[in-house]
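Below are the chains, spelled out letter by letter.
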Amino acid sequence: MSHASLLADYSLRPHNTFGFDVRARHAMHIDSVEAAAALVDNARIAGMPTLVLGGGSNVVLTRDFDGVALIVGIMGKRVIGEDEDAWLVEAGAGENWHAFVAWTLAQGMPGLENLALIPGTVGAAPIQNIGAYGLEMGERFERLHAVELATGARAEFDRDACAFGYRDSFFKRAGRGRFMITSVVFRLPKAWTPRADYADVARALEGASAYNAQAIFDAVIAVRRAKLPDWTVLGNAGSFFKNPVVSADAFEALKAREPGVVSYRQADGQVKLAAGWLIDRCGWKGRGIGGAAVHERQALVLVNRGDATGAQVLELAEAIQRDVRARFGVELEMEPVCL
Ligand code: EPU
């Protein structure tokens, strides 16, 4: 059996959007489902801890990794079928997410345009159920294919098995590190309906009497560019915390003290708070620890000014959590995975 080559002392800098220069003892590029399934038979990596990396857009690498980093490069985009209501399109886990979204639009198959410009790969998208501007990936998801690393067995997960939640899935919890996602199938409805209620997007579309999916795609790109730092210039992992959800009672008590608190009532009566506002209100915007800082235009994003370490980012994140807890009595949960 042929194996992908095993690289030694490998810099993970190009494989994490914070740009931390940590090293893996070993690394392998996995370019096919067969290569993923063959890992279990590879005696050279037997017993080693593994770290599956896509674009590295949702990890904080705080130290060197004493194991084998598996860099997923399984490519391919294709329309695999259709029924009366929808097209089914499949993409390899290693495909760039944004390029895939642009490709679906070019095929005349809209539905993912609100998720334009999200960093990372197709294979990483289901792990935290990426979402933005009124749409979550889970709403367009059909199934995914994966390989169980310890056995080499191929597995298929439908939407229920993925257990998607807000920035959450089976793979972020129980399935963490167990499976390598190899491809994802999306269901794109033929009857397109715009999602343009999000205030920033609505503003960017203002003036247009009629708009199509391309216009929403362009508007989302403009909004993201205005607010969110480009990781190729200023390393970051997008929102660093989830927007916390509190009970209606806790919200009323908070609102009495902080009338300006930005909030969104949920279907179940609970209230989601804008974590960016909480952090901003604590005075953190633009401030930092060492090379790690809170972005100047969006307090929910922590950035690497150039010489930060993952440990400094974590130190900053913990200081922010303490301040938000002390001032508002609210717990902020980190969005990226810390290693
Ligand atoms: N706000 C401030 N100060 C700030 C930042 C935000 O006051 O520094 C307030 C503003 O009132 C603003 C509100 O918070 O209107 C919400 O901010 P924004 O519209 O930027 O959205 P967000 O809640 O901070 C979430 C997602 C983003 C996603 C946007 C748009 C989470 C954790 N984050 O951010 O997702 O792009 O909504 O849908 O849910 C990501 O997950 O990495 C991510 C970027």
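Up top is the structure.
I will try to describe carefully the structure that is included in this document. (Residues numbered from 1 in each chain as written. Predicted model: local features only at pLDDT ≥ 70, side-chain atom pairs only at ≥ 80, totals over all residues. Heavy atoms only, no water.)

1. Here we look at unusual backbone geometry
Basically, it comes down to this: Strands here mean DSSP runs of E at least two residues long; helices mean DSSP runs of H or I at least four residues long; both are numbered from the N terminus. Think of it in three bands: residues with accessible area under 20% of the maximum for their type are buried, residues over 50% are exposed, and the middle band is partly exposed, with areas taken using a 1.4 Å probe on protein chains only.
Positive phi, close to 65 degrees, is recorded for Leu117, a residue that is not glycine. Examined against the element boundaries, Leu117 turns out to sit in the loop between α2 (97–106) and β8 (131–132). The class of Leu117 is partly exposed, set by a relative accessible area of 23%. Phi is positive for Tyr133, close to 50 degrees, though the residue is something other than glycine. Here Tyr133 is to be found in the loop between β8 and β9 (135–136). On the basis of relative accessible area, Tyr133 is assigned to the buried category, the value being 11%.

2. A word on the pairing of strand β3 (residues 50–53)
Just so we agree on the cut-off: At least two bridges found by DSSP between two strands is the condition for calling them paired.
Only one face of β3 is covered, namely the one carrying Leu51 and Leu53; the face carrying Thr50 and Val52 has none of its residues buried. Where β3 and strand β5 (residues 65–72) come together, four bridges link them in parallel fashion. Each residue of the ladder has a partner; that of Leu53, found in β5, is Ile71.

3. Examining the nonpolar core
The tendency in soluble globular proteins is for nonpolar side chains to be buried as a group. Counted only if it meets this: Among buried residues, those of type Ala, Val, Leu, Ile, Met, Phe, Trp, Tyr and Cys that are joined through side-chain atoms within 4.5 Å constitute a nonpolar core. Domain start and stop points were drawn from an automatic or database domain assignment. Two residues qualify as a contact provided that any one of their heavy atoms is within 4.5 Å of a heavy atom in the partner residue.
The biggest cluster of nonpolar side chains holds 48 residues, and the ones touching the most others in it are Leu12, Ile279 and Ile320. Of the residues forming this core, the biggest block, eight residues, is contributed by helix α8 (residues 310–328). Each of domain 1 (7–72) and domain 3 (235–338) contributes no fewer than three residues to this core. Those residues in contact with Ile320, other than ones at most four positions away along the chain, are Phe241, Ile279, Trp284, Val294, Leu302 and Leu332. With 42 residues, the next largest nonpolar core counts Val101, Phe157, Ala196 and Phe217 among its residues.

4. A few points about the site of the ligand
Heads up, the rule is: Whether a residue is near a molecule or strand is decided by its heavy atoms; if any one of them lies within 4 Å of it, the residue is near. Think of a polar contact as two N or O atoms within 3.5 Å of one another; within protein, one of them needs to be a possible hydrogen donor and the other a possible acceptor, and neighboring residues in sequence only count if both atoms come from side chains. In short, Shrake-Rupley with a 1.4 Å probe defines the accessible areas, and a residue's cover is counted only from the protein chains shown. Gly falls in the polar group here, along with every residue not listed as nonpolar (Ala, Val, Leu, Ile, Met, Phe, Trp, Tyr, Cys, Pro) or charged (Asp, Glu, Lys, Arg).
Looking at the ligand, there are 24 residues lining it, with Tyr133, Tyr166, Tyr198, Asp280 and Gln298 nearest. Between the ligand and Tyr166 there is a distance of 2.7 Å, counted from an oxygen atom to a side-chain nitrogen or oxygen. Note that an oxygen atom of the ligand is positioned 2.9 Å from one of the side-chain N or O atoms of Arg167. Protein chains shield 83% of the accessible area of the ligand, which is 820 Å² for the free molecule. Looking at the shell around the ligand, the elements with two or more residues in it are β8, α5 (213–227), β13 (235–239) and α7 (275–281). Sorting elements by how many residues they give to the shell around the ligand places α7 first, with three residues. For the shell around the ligand, a count of residues per class yields 11 nonpolar, six polar and seven charged. The residues that make up the shell around the ligand include at least three from each of domain 2 (77–189) and domain 3 (235–338).

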